Amino acid sequence: MNFSSSHSPFSQEQAWLQAVHSFIQKNLIPIIKHPCIQLVETVVDCVKAIWASSGATGGLNLPLSYSFVSVQELKSHQHLPCCSHLAWSSTEYQTWANKIGVNTIPLPRERLLLLGILTDLPVDLDPECRDGSLYVKDNSGTLGCELLDLDISWLGHLFLFPSWSYIPPAWQQGSLGSGHLELWCPPVPVLPLVLNRGPETPIRVLYPEIASQLLQHRSKFRRQQLHLAGQLIRLSTLIKTHGKTYFILSLGESSSASTSVPIIVQIPRQLVWHHVLRPGCSYVLTNLQISVIRGYSHRIWATSPSSNLMPLDAEHIQEFNVEALISEAVPNPLPVKKEEIKEGTVTKVLNGPAGLYELDGQLCLCLAYQQLPNNGRTIRPGVQLELLDVHFFHSVDGTPVLAPCLRGTVLLRGFSQQESPKQSPHSFCGIVVHLRLLLERHLGLPLYLWTVKALEEITSKLCPRLLRHRQLLQSSASGTAGVGELLLTPTLDAVAPPGISIRNVYQEILEDPHHCALREYSQLQPLCSFPTLAALKEDGQHRAWAVFDPMTLLPLPEVTYLPSCVLNSRLSWSWICLSSSIFQPPPVLLGVLVASSHRGWLQLRDQSGSLPCLPLPKSSQVFIDPRLIGSLVRVERFQLVVEREVKSNFPSWKELGMPGFIQDIYVLFYLDDALILPIPSPYNLTRRPPQAKFPCLEEPSKVQSRLLLLSHKECLMKRNYQSSQSDGPLPPKHTLSFHVSGTWLGGIQRKDGDGWGLPESLGDESQDQKVFLLFFGQSIRWFEFLHPGQQYRLILPNSPPSLLEEGDSSPLSQRILELTGYTSCLIVQDDWILEPGNTQDIPGMVGISKGLSESSLTEILSGSSPGSFVSFSAEILSRTPCCLSHFLYLGNFQTFQRGVKLTVALDAAELASRIPIDVYIEAPHPPLPLGLLPGTRVYFQQLERKVSRFQNVYCRFLPSSYLRILCFPAEIPASSNLPHVYLAELQRDSPGPTWASASCHVVSVLSVQLFWLCAHCTSVCVQGQCSRQGLPCPTQASVSQANIRLLVEDGTGEAVVTCTNQQVAVALGLCPAEWDTLMELVRVPGRVALHISRPGAQPEFIGETDGSLMLFLQTLCTSSRVLRPIHLSFELERKPTRVTTSEPPRLHRFQFGEIPVLTHMVPRLSLSCLSLRDPEVPHILSS
């Protein structure tokens, strides 16, 4: 076709016009019943008219830089958001783009022309499937669109769209389909529209007041189709329930005290009216009838298939008066409140899937309680909204909130000029999970906002490195809740159980007074939080630092008497246990359980880091199932332990400050308090090897396994193993490792489907089945799962069959066999797997169970030889850092090695009290096992029993020893009073209580020592100066010390009590001021001592001082101020663990007046004073 006669003769215009002709021929014919030539001319005229209005045509008649685009081309080729404005010049676009601010990106401009039919019916769908959405259609397809104002007469007509923007699906909120168009201005009709001039004769209408009365009146009008007129005062959103879409509007009168009448619109072709209706405008709805809807007890007006919507024009209507026909009295309906309109601009997306936005930079807008058409795809920063009938909350977590329910209205008043960020592909899953929780649990606003925040915290902790967003948010095909919902279920079940109430849509929209989930607002107490593990560790460190005070770690007033070495030793280790209940809000421990291949600990891991943990089953069961590795663990009740290792060098107590310290932080919890979710993670939680997850094997027939009964396990430490498996000789190096020994149960089994086949027959049934397994490198991750007495299945993914039968043939294995005498040795490889074993997998194999072996009390306390080995369970009473000395004979000098001393309490059924015993653990290669805290119950195996030079029994933890935590310290330590005893009770053959109290009388003072020592070297200080010869001490600080030995009796026996430091002042009956004065007098000689061998004997004095001080001490020690009744709390110096021979009773002479009495007396007890005080005076006038 030649257009040169009617258009510009230039070749560019001819080519452009030819392209227009081809586009229309391809994309609009034959859906437009119009000749092609005339249609092309009409389209070109429309384009020219709009182009000329821009004023920046550059002398061109046609916009040659623009090209037409079809719907399909836009959907398939335009992958980025864009806009097109035919009537704008470049200057106008730049001015428009600059208005949105400097920190935002405007929609990029594309020179595209869009032409299509505006319709409410998608392609290839039944007309009854209309849902109120709008589309632009041509021959290539349909594309959803949004526009600000709609005239019903536009539907089905061809339009040119001069200003529009296109948002691809990846930039839409929660979209699962194609993108959408945003039509910025009214479209330009290509062909003339047929205008609706209204009815030829006036129609008789009902106004809201009469229409509302008819709903309550039983009259003949109930079955008639009538016309209603009034002002639109309320418009609900488009609601989809049970496969049906509808909306409800309310008509009223312009008077503020008028009544309203509700109308439900549920005819599919009429749903598009929702785009036409505007609150505050007046309309006429024809052919309405009174209807009853299911779920609502009152009648309501409803549209019929023949109903129409038109603007109210007083010239075409007249009132239909039915008052004369109403015979019954009808109560006046309640007046309707005129709702306020709020307009604003969305400035930020707080949480798109949850429907939370920032409005005008000041308010929070929650749209979760309202169903937005097409999931609110147009709402992004920059969009302008009009809100009607919304709930306003002054403060929820400090921010005012606007929240419309189904009764409210959210109208689009302006599209966003900004290019929004690309939406995550999991955003739709987020919409589903938030909506599901909201509806199933009928959440109020504060609880919903907490749920949103909790899901945000969980997502930031786990996604995407440990868990995919879809795995966290998406529910299964069977309707089972997703991982995110399961993690929130324990908390939500306590405050909002599912199914407690059902959301009634009709009541929420129609009833007055209004009731909805937003009306049931109440302040919410903080439920819990899901902090990251790094934040929890930081909080624990902060709390440990805040309460750390060296003065509180030392006994008062004992601290003033401690020399520097003792002072710093007691400060070198301390711990604090933080219960989860002390945090506000209470934190929930959440992470993926992994095993460390560097330290052998179990850890909880999230994206912020890892936190060592020690999980235990209750009832002292063994934690043996390695298949928990890789599972998601959620714990509400736990204890956060902070161990502080202080490096200090204080000269004395006066210089105590705040030193730097190293902290070990870990958590303790019981598995019974944990929610464990196995998750099929697509990621490896460690780069290598897989964490106890069975690998995907191409040839399952090569997988072999064998059952093992574990008999012994040694501790995790650095040993001189050659970790390299190469043939070349390498020097041995310290490698963190452990090894176990056990016995094979049955023969080798191969993978058979999901189970294991029958065991292969053994070549020699009488052959020793003992095996030695060595773990180092990545394989030490199994350390926490292996325990003596338990059965395990060792799985080898791809190894020669002879390996499980004959063992490893490496030089290291052969050397171990030579040293241990075992017949088989295996070095556990990184890809080998250990699982709990069961003898039921082997036919004919009898179940084997082996409990914890424990030595008797006699074997522990009075064994035949000091080098024997003992096993027992006990509770840790105290933990003290110490230095263990070792003599190196080659160098002929002594070295010191760090370690800890655990004082543990042995339980014995035949004893009334527990027996303390010391266990020394060397720590040449840290770390020490987690959980060795006072109050923890521990099982020890194969401890070496030793006897000290003071004949006390103690135990030593060897590399071949084993320990297991049985239970954690109680969160609230039990308070126990010392038992009150008679001294004779402590002389029995059976061990008595180690700590007790007694009421005694001081018979005499045996000795008193008062002295001043150098705080650095503990030498005597004379006149405040250290008396040590040689190099001077770095500090001149000195501390005072004192001790006194008292002979006491209670009528049943005698005892010698040793008191120290501040206890001496109490024993001498001196007040603090008198005691300080006495010690200042002692500072000059440096040391004063008084010794009395027996009562009545002449005292012996030590110290260069005048006789007045000695006379004062002698007089004081023989006065009634000292020789008085006391209440004594003490500790036995002869411990129950001391190996001694019993002394026979000795003959003792007593004098009763003039009568001498001889009697046999048991030996005197030796007691260490814990505290002493004067006895309480009984009340004479007691009731």
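The structure this text deals with has already been given above.
Bear in mind that the values here come from a model prediction, so they are computed numbers and not experimental data.

**Q** Tell me about the overall build of the chain, and please be specific about residues and values.
**A** Along its length, the chain carries 19 helices and 58 strands. Split into buried and exposed, the 1183 residues of the chain put 51% on the buried side. Of the contacts formed within the chain by residues at least 6 apart in sequence, a portion of 72% connects residues at least 24 apart. Summing over all exposed atoms, the chain offers an accessible surface of approximately 56500 Å²; the carbon and sulfur share of this is 52%.

**Q** An account of the pairing of strand β10 (residues 203–206) is requested, with residue identities and associated values reported.
**A** In regular strands, side chains alternate between the two faces of the sheet. When β10 meets strand β18 (residues 317–319), the two strands line up parallel, connected through three bridges. The residue bridging Val205 from the neighbouring strand is Glu319, located in β18. Two elements, β10 and strand β11 (residues 226–235), share two bridges in a ladder whose sense is parallel. Each residue of the ladder has a partner; that of Leu206, found in β11, is Leu228.

**Q** Describe the packing of helix α18 (residues 1072–1082) against helix α19 (residues 1107–1117), and please don't skip the residues or the numbers.
**A** One way to put it is that α18 packs onto α19 with a least axis distance of 11 Å and a crossing angle of 140°. Judged by the angle between their axes, α18 and α19 are oblique. Both α18 and α19 take part in a crossing whose hand is left-handed. Packed against α18, whose contacting residues are Leu1078, Leu1081 and Val1082, the element α19 presents Leu1109, Phe1112 and Leu1113 at the interface. When the residues that make up the contact of α18 with α19 are grouped by side-chain class, the tally is six nonpolar, no polar and no charged.

**Q** Could you give an account of the packing of aromatic side chains, with specific residues and numbers?
**A** All chains considered together, the criterion is met by 19 aromatic pairs. Joined through ring pairs, the aromatic side chains of Trp88, Tyr93, Trp96, Trp184 and Phe415 make up one cluster. The side chain of Lys751 reaches across the aromatic face of Trp756, ending 4.7 Å from its centre. Seen from the ring of Trp1012, Arg1083 lies directly overhead, with NZ or CZ sitting 3.8 Å from the centre.

**Q** Quick one: what's the story with the environment of Gln942, residue by residue and with numbers?
**A** Among the structural elements, Gln942 can be located in strand β45 (residues 937–947). Sequence separation between Gln942 and Phe957 is 15 residues; the distance between their C-alpha atoms is 7.9 Å. Not counting residues within four places of it along the chain, the set of residues in contact with Gln942 comprises His712, Phe869, Val870, Ser871, Ser960 and Ser961.

**Q** Please set out the pattern of salt bridges residue by residue, giving values where relevant.
**A** Within this structure, the stated rule accounts for 25 salt bridges. Across the salt bridge formed by Glu146 and Arg377, the nearest N and O atoms sit 3.1 Å from each other. Placement of Glu146 in strand β5 (residues 141–147) and of Arg377 in the loop between β21 (363–366) and β22 (384–388) is noted, with a sequence separation of 231 residues between them. Like Glu146, the residue Arg377 is buried in the burial classification.

**Q** Kindly report on helix α8 (residues 445–462), identifying the contributing residues and their values.
**A** Side chains that are three or four residues apart share a direction in an α-helix, a result of its 3.6 residues per turn. In this model, α8 (18 residues) spans 26 Å end to end at C-alpha, consistent with the 26 Å of a helix rising 1.5 Å per residue. In terms of burial, α8 is largely enclosed, as 15 of its 18 residues are buried.

**Q** Run through the nonpolar core, naming residues and quoting values.
**A** Judged by nonpolar contacts, the single largest core of 54 residues is most densely connected at Leu589, Leu640, Phe669, Leu773, Phe775, Leu786 and Leu794. Dropping the residues within four chain positions of it, Leu794 is found in contact with Gln704, Ser705, Arg706, Trp744, Leu773, Leu804, Leu826, Trp832, Ile833 and Leu834. Leu112, Leu181, Ile290 and Phe320 belong to the second-largest nonpolar core, a separate cluster that totals 49 residues.

**Q** Any details on the side chain of Glu714? Residues and values, ideally.
**A** Within the secondary structure, Glu714 is located in the loop between β34 (704–713) and β35 (717–721). Judged by its relative accessible area of 15%, Glu714 is buried. Within the structure, Glu714 has its side chain in polar contact with the side chain of His739 (distance 2.7 Å). Ignoring any residue separated from it by four or fewer positions in sequence, one finds Glu714 in contact with Arg719, Phe738, His739, Phe783, Pro959, Ser960 and Ser961.

**Q** Which residues make up empty space enclosed by the protein, and what are the values?
**A** Over the atoms, a rolling probe the size of a water molecule traces out where space has been left empty. As enumerated under the stated definition, the model contains two cavities of 30 Å³ or more in all. Lining the largest cavity are 24 residues, with Glu146, Pro373, Val410, Leu411 and Leu412 sitting closest to its centre. Looking at the lining of the largest cavity, the elements with two or more residues in it are β5, α6 (273–276) and β25 (409–414). Looking at the lining of the largest cavity, the element that brings in the most residues is β25, giving four residues. Tallied by class, the residues present in the lining of the largest cavity amount to 10 nonpolar, 11 polar and three charged. What the second largest cavity holds in volume is close to 40 Å³.

**Q** Help me get a handle on the packing of α8 against helix α10 (residues 483–495), residues and values and all.
**A** With their axes 11 Å apart at the nearest point, α8 and α10 run at an angle of 150° to one another. The angle between α8 and α10 places the two elements in the roughly antiparallel class. When the axes of α8 and α10 are compared, the crossing they make is right-handed. Contacts between α8 and α10 involve Leu447, Trp450, Thr451, Ala454, Leu455 and Ile458 from the former and Gly484, Leu487, Leu488, Thr491, Leu492 and Val495 from the latter. Class assignment of the residues belonging to the contact of α8 with α10 gives a composition of nine nonpolar, three polar and no charged.

**Q** I'd like a description of unusual backbone geometry, backed by residues and values.
**A** Following Cys463, the chain continues to Pro464 via a peptide bond in cis, the omega torsion being 5°. With respect to the helices, strands and loops of the structure, Pro464 is situated in the loop between α8 and α9 (469–473). In this model, Gln584 is joined to Pro585 through a cis peptide bond whose omega is -10°. Summarising the element assignment, Pro585 is placed in the loop between β26 (573–579) and β27 (589–595). With a phi angle near 55°, Asn287 is a residue other than glycine that sits in the positive phi range. Within the secondary structure layout, Asn287 lies in strand β15 (residues 282–292).

**Q** Give me the lowdown on the environment of Arg380, citing residues and values where you can.
**A** Its location among the elements puts Arg380 in the loop between β21 and β22. Overall, Arg380 belongs to the buried group, its relative accessible area being 4%. On a C-alpha basis, the gap between Arg380 and Gln173 in space is 8.5 Å, while along the polypeptide they are 207 residues apart. With sequence-adjacent residues up to four places away left out, Arg380 is seen in contact with Leu107, Ile167, Glu182, Val346, Val349, Ser416, Gln418 and Ser420. A polar side-chain atom of Arg380 sits 3.3 Å from the main-chain carbonyl oxygen of Ser416.

What counts and what doesn't
Residues numbered from 1 in each chain as written. Predicted model: local features only at pLDDT ≥ 70, side-chain atom pairs only at ≥ 80, totals over all residues. Heavy atoms only, no water. Helix = DSSP H or I, 4+ residues; strand = E, 2+ residues; numbered from the N terminus. Buried < 20%, exposed > 50% of the residue type's maximum accessible area, 1.4 Å probe, protein only. Contact = heavy atoms within 4.5 Å. Areas by Shrake-Rupley, 256 points an atom, 1.4 Å probe, with all protein chains shown as cover. Pairing = 2+ DSSP bridges. Axes fitted to C-alpha atoms, helices over the stretch in contact; angles between N-to-C directions. Parallel < 35°, antiparallel > 145°, perpendicular 65-115°, else oblique. Left-handed = near helix turned anticlockwise from the far one by under 90°. Nonpolar A, V, L, I, M, F, W, Y, C, P; charged D, E, K, R; others polar. Phe/Tyr/Trp six-rings, centres within 6.5 Å; stacked < 30°, edge-to-face > 60°. Lys NZ or Arg CZ within 6 Å of the ring centre and 35° of its normal. Salt bridge = Lys/Arg side-chain N within 4 Å of Asp/Glu carboxyl O. Expected span 1.5 Å × (residues − 1). Core = buried A, V, L, I, M, F, W, Y, C linked by side-chain atoms within 4.5 Å. Polar contact = N/O pair within 3.5 Å; in protein donor to acceptor, adjacent residues only side chain to side chain. 1 Å grid on protein atoms, 1.4 Å probe; cavity = no way out; pocket = protein on both sides within 12 Å on 5 of 7 lines; lining within 4 Å. Points joined across faces, edges and corners; volume = space filled by probe spheres on them.

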